[in-house]
Amino acid sequence: MSTETKTGLEAVAAAAKQAPGRGLPPVHLWNPTHCGEIDIVIRRDGLWFHEGRPIGREALVRLFSTVLRKDPDGFHLVTPVEKMKIKVEDAPFIAVRVDQVGEALRFTTNVGDEVEAGPDNAIRVEMNPKTGEPRPYLHVRRGLEARIRRPVFYELVEMAQERDTPEGPRLGVASNGAWFPVGPARAHLA
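Residues numbered from 1 in each chain as written. Predicted model: local features only at pLDDT ≥ 70, side-chain atom pairs only at ≥ 80, totals over all residues. Heavy atoms only, no water.

A. Main features of the environment of Ala-174. Mapped onto the elements, Ala-174 comes out in strand β14 (residues 168-175). Spatially, the C-alpha atom of Ala-174 lies 9.9 Å from that of Ile-123, the residues being 51 residues apart in sequence. Apart from residues lying up to four places away in sequence, Ala-174 is in contact with Glu-103, Leu-105 and Trp-179. (Helix = DSSP H or I, 4+ residues; strand = E, 2+ residues; numbered from the N terminus. Contact = heavy atoms within 4.5 Å.)

Below is the structure:
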């Protein structure tokens, strides 16, 4: 690891630890000068890599996830004094669990976030144009999403109920007063 990169990685970690207050730091309020790129990749499977090697310290990944921000030009780790661009292959988080809590669906991500689906945290399902397979996502915070892991999506499909929509009958799930389709119209009738 080069001294320059190590210093950048260490600087981001140190600044993130200094973030004021409890909970998530207010990265949406920070506007530091862009400091370049750092060789961090969040792979499709949710694993974080630095310089081609997995970041093995779960606490460090969790810390970095709290200072992750999506801007128009991509994903960045942001502190009050630095903004370092990173690469995200799909969604930065993975939804690894869902629980029904009253009228809400509560998801847990691979970095420990708990998110209730609803009007502010929508579930969306894209269909892969080549394979026709669903690619489900959950909005986590400020434009950041979690890809819903396949077994968790199957749980959602089991919870789904049919509704008539302008496109035709669809299966979907309700959470916090919002309804989210889990597939295209008429797909469950085929």
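B. Representation of the pairing of strand β13 (residues 161-165) within the structure. Bridge count between β13 and β14: five bridges; the pairing is antiparallel. In the sheet register, Thr-165 faces β14, and the bridge partner there is Gly-168. Taking the residues between adjacent antiparallel strands as the criterion, β13 and β14 are bridged by two residues. (Pairing = 2+ DSSP bridges.)

C. Here's a closer look at unusual backbone geometry. Positive phi, normally seen in glycine, also occurs at Glu-51, with a value near 50°. Looking at the element boundaries, Glu-51 is found in the loop between β2 (48-50) and β3 (53-54).

D. Expanded view of the sheet that holds strand β12 (residues 144-148). What the six strands build is an open sheet, ordered β9-β8-β7-β12-β11-β10; its pairing is mixed. Pairing within the sheet leaves two strands with one partner each, and these edge strands are β9 (114-116) and β10 (123-127). Neighbour to neighbour, the strand axes of the sheet diverge by 40° on average, direction disregarded. Bridge count for strand β11 (residues 134-141) against β12 is four bridges, and the pairing is antiparallel. Note that in β12 the partner of His-139 across the bridge is Glu-145. (Axes fitted to C-alpha atoms, helices over the stretch in contact; angles between N-to-C directions.)

Keep in mind these numbers describe shape, not what the thing actually does.
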